[in-house]
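Each chain, written out:
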Amino acid sequence: MTPPPPPRLLVAAALGGALGAVARWALGEAFPDSAGFPWTVFAINVAGSAALALLPALPPVRRSRELAVFLGPGVLGGFTTLSAASEQTRALLAAGDTLLAGSYLFGTLAACLVAVALVSHLATPAEQAEFEAEEGNE
(Lines give C-alpha, C1' and ligand atoms only; values in the text may rest on other atoms or scores of the structure.)
Protein backbone atom coordinates (compact mmCIF):
# COMPACT_ATOMS: atom_id res chain seq x y z
CA MET A 1 0.00 0.00 0.00
CA THR A 2 1.28 3.46 -0.89
CA PRO A 3 1.80 5.75 2.09
CA PRO A 4 -0.31 8.91 2.17
CA PRO A 5 1.31 12.10 0.85
CA PRO A 6 2.94 14.40 3.38
CA PRO A 7 0.58 17.03 4.85
CA ARG A 8 2.55 19.87 3.21
CA LEU A 9 1.71 18.43 -0.22
CA LEU A 10 -1.96 18.04 0.65
CA VAL A 11 -2.04 21.68 1.75
CA ALA A 12 -0.22 22.77 -1.44
CA ALA A 13 -2.69 20.90 -3.66
CA ALA A 14 -5.71 22.15 -1.69
CA LEU A 15 -4.65 25.80 -1.68
CA GLY A 16 -3.70 25.67 -5.35
CA GLY A 17 -6.94 23.92 -6.26
CA ALA A 18 -8.96 26.57 -4.46
CA LEU A 19 -7.14 29.37 -6.28
CA GLY A 20 -7.52 27.67 -9.65
CA ALA A 21 -11.22 27.01 -9.12
CA VAL A 22 -11.85 30.61 -8.07
CA ALA A 23 -9.95 31.87 -11.13
CA ARG A 24 -12.07 29.63 -13.39
CA TRP A 25 -15.28 30.80 -11.74
CA ALA A 26 -14.21 34.46 -12.00
CA LEU A 27 -13.47 34.11 -15.71
CA GLY A 28 -16.85 32.46 -16.22
CA GLU A 29 -18.50 35.38 -14.45
CA ALA A 30 -16.49 37.98 -16.37
CA PHE A 31 -17.02 36.29 -19.75
CA PRO A 32 -20.28 34.35 -19.59
CA ASP A 33 -21.07 32.13 -22.55
CA SER A 34 -24.17 32.92 -24.51
CA ALA A 35 -25.85 30.50 -26.88
CA GLY A 36 -23.55 28.64 -29.19
CA PHE A 37 -19.94 27.59 -28.72
CA PRO A 38 -18.83 27.68 -25.03
CA TRP A 39 -15.73 29.82 -25.62
CA THR A 40 -14.91 30.58 -22.00
CA VAL A 41 -14.47 27.00 -20.82
CA PHE A 42 -12.78 26.14 -24.11
CA ALA A 43 -10.21 28.92 -23.57
CA ILE A 44 -9.74 27.95 -19.91
CA ASN A 45 -9.03 24.33 -20.80
CA VAL A 46 -6.62 25.20 -23.64
CA ALA A 47 -4.77 27.80 -21.54
CA GLY A 48 -4.60 25.45 -18.56
CA SER A 49 -3.28 22.61 -20.69
CA ALA A 50 -0.60 24.86 -22.17
CA ALA A 51 0.36 26.15 -18.72
CA LEU A 52 0.67 22.61 -17.36
CA ALA A 53 2.95 21.70 -20.28
CA LEU A 54 5.05 24.80 -19.55
CA LEU A 55 5.71 23.97 -15.89
CA PRO A 56 8.65 21.59 -16.53
CA ALA A 57 10.51 24.43 -18.28
CA LEU A 58 10.48 26.52 -15.08
CA PRO A 59 13.48 25.79 -12.85
CA PRO A 60 11.78 26.87 -9.57
CA VAL A 61 8.97 24.41 -10.23
CA ARG A 62 11.40 21.58 -10.93
CA ARG A 63 13.32 22.31 -7.71
CA SER A 64 10.33 22.35 -5.39
CA ARG A 65 7.94 19.44 -5.01
CA GLU A 66 5.56 21.70 -3.08
CA LEU A 67 5.50 24.30 -5.86
CA ALA A 68 5.05 21.60 -8.50
CA VAL A 69 2.07 20.15 -6.63
CA PHE A 70 0.66 23.62 -5.86
CA LEU A 71 0.75 24.71 -9.50
CA GLY A 72 0.15 21.40 -11.33
CA PRO A 73 -2.61 19.37 -9.70
CA GLY A 74 -3.47 22.34 -7.49
CA VAL A 75 -3.91 25.59 -9.45
CA LEU A 76 -4.14 24.10 -12.93
CA GLY A 77 -6.14 21.09 -11.77
CA GLY A 78 -8.68 23.45 -10.20
CA PHE A 79 -8.56 25.84 -13.16
CA THR A 80 -9.21 23.38 -15.97
CA THR A 81 -12.53 21.59 -16.08
CA LEU A 82 -13.51 18.44 -17.88
CA SER A 83 -16.79 18.36 -15.97
CA ALA A 84 -18.00 21.73 -17.30
CA ALA A 85 -16.93 20.84 -20.84
CA SER A 86 -18.78 17.54 -20.55
CA GLU A 87 -21.91 19.25 -19.25
CA GLN A 88 -21.78 21.87 -21.98
CA THR A 89 -21.44 19.13 -24.60
CA ARG A 90 -24.42 17.33 -23.08
CA ALA A 91 -26.47 20.55 -23.13
CA LEU A 92 -25.63 21.16 -26.79
CA LEU A 93 -26.70 17.61 -27.61
CA ALA A 94 -29.92 18.02 -25.60
CA ALA A 95 -30.64 21.21 -27.56
CA GLY A 96 -30.32 19.21 -30.78
CA ASP A 97 -27.09 20.88 -31.89
CA THR A 98 -25.14 17.72 -32.62
CA LEU A 99 -22.66 19.36 -35.00
CA LEU A 100 -21.76 22.09 -32.50
CA ALA A 101 -21.54 19.56 -29.66
CA GLY A 102 -19.17 17.38 -31.65
CA SER A 103 -17.14 20.38 -32.73
CA TYR A 104 -16.85 21.53 -29.14
CA LEU A 105 -15.96 18.09 -27.78
CA PHE A 106 -13.35 17.19 -30.38
CA GLY A 107 -12.19 20.78 -30.87
CA THR A 108 -11.43 21.09 -27.16
CA LEU A 109 -9.45 17.86 -27.14
CA ALA A 110 -7.56 18.76 -30.32
CA ALA A 111 -6.77 22.31 -29.20
CA CYS A 112 -5.55 21.12 -25.79
CA LEU A 113 -3.33 18.46 -27.37
CA VAL A 114 -1.88 20.96 -29.85
CA ALA A 115 -1.21 23.46 -27.05
CA VAL A 116 0.56 20.79 -24.98
CA ALA A 117 2.58 19.58 -27.98
CA LEU A 118 3.73 23.09 -28.83
CA VAL A 119 4.55 24.23 -25.31
CA SER A 120 6.16 20.98 -24.16
CA HIS A 121 9.08 21.65 -26.52
CA LEU A 122 10.16 24.45 -24.17
CA ALA A 123 11.38 21.85 -21.66
CA THR A 124 14.01 19.22 -22.36
CA PRO A 125 13.17 15.55 -21.78
CA ALA A 126 15.38 15.65 -18.68
CA GLU A 127 13.48 18.66 -17.32
CA GLN A 128 10.18 16.93 -18.02
CA ALA A 129 11.34 13.79 -16.21
CA GLU A 130 12.49 15.88 -13.24
CA PHE A 131 9.08 17.57 -13.13
CA GLU A 132 7.27 14.22 -13.27
CA ALA A 133 9.37 13.03 -10.35
CA GLU A 134 8.07 16.02 -8.35
CA GLU A 135 4.50 14.91 -9.17
CA GLY A 136 3.61 18.25 -10.74
CA ASN A 137 1.87 16.56 -13.66
CA GLU A 138 -0.55 14.45 -11.60
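A brief structural summary.

## A word on the packing of aromatic side chains
Where two aromatic rings form a pair, the distance of their centres and the angle of their planes describe that pair.
Thought 1: With the rule as written, the count across this model stands at four aromatic pairs.
Thought 2: Here the aromatic rings of Phe37 and Trp39 are separated by 4.3 Å at their centres, their planes lie at 45°, and the arrangement is tilted.
Thought 3: A relative accessible area of 17% places Phe37 in the buried class.
Thought 4: Look at Phe37 and Tyr104: their rings are 5.3 Å apart centre to centre, the planes differ by 90°, and that puts the pair in the edge-to-face class. Taken together, the residues Phe37 in the loop between helix H1 (7-30) and helix H2 (39-54) and Tyr104 in helix H6 (residues 98-119) connect sequence positions 67 residues apart. By the burial criterion, Phe37 is buried, and Tyr104 matches it.
Thought 5: In this structure an aromatic cluster arises from ring pairing among Phe37, Trp39, Phe42 and Tyr104.

## A word on helix H4 (residues 65-79)
Thought 1: Across its 15 residues, H4 extends 19 Å between first and last C-alpha, which sits within 8% of the 21 Å expected from 1.5 Å per residue.
Thought 2: The axis of H4 is deflected most strongly, by about 25°, at Leu71, and proline Pro73 appears within four residues downstream.
Thought 3: Contact partners of the buried residues in H4: H1, H2, helix H3 (59-63) and helix H7 (125-133).

Criteria and thresholds
- Residues numbered from 1 in each chain as written.
- Predicted model: local features only at pLDDT ≥ 70, side-chain atom pairs only at ≥ 80, totals over all residues.
- Heavy atoms only, no water.
- Phe/Tyr/Trp six-rings, centres within 6.5 Å; stacked < 30°, edge-to-face > 60°.
- Buried < 20%, exposed > 50% of the residue type's maximum accessible area, 1.4 Å probe, protein only.
- Helix = DSSP H or I, 4+ residues; strand = E, 2+ residues; numbered from the N terminus.
- Expected span 1.5 Å × (residues − 1).
- Bend = angle between axes of the 7 residues up to and from the residue.
- Contact = heavy atoms within 4.5 Å.

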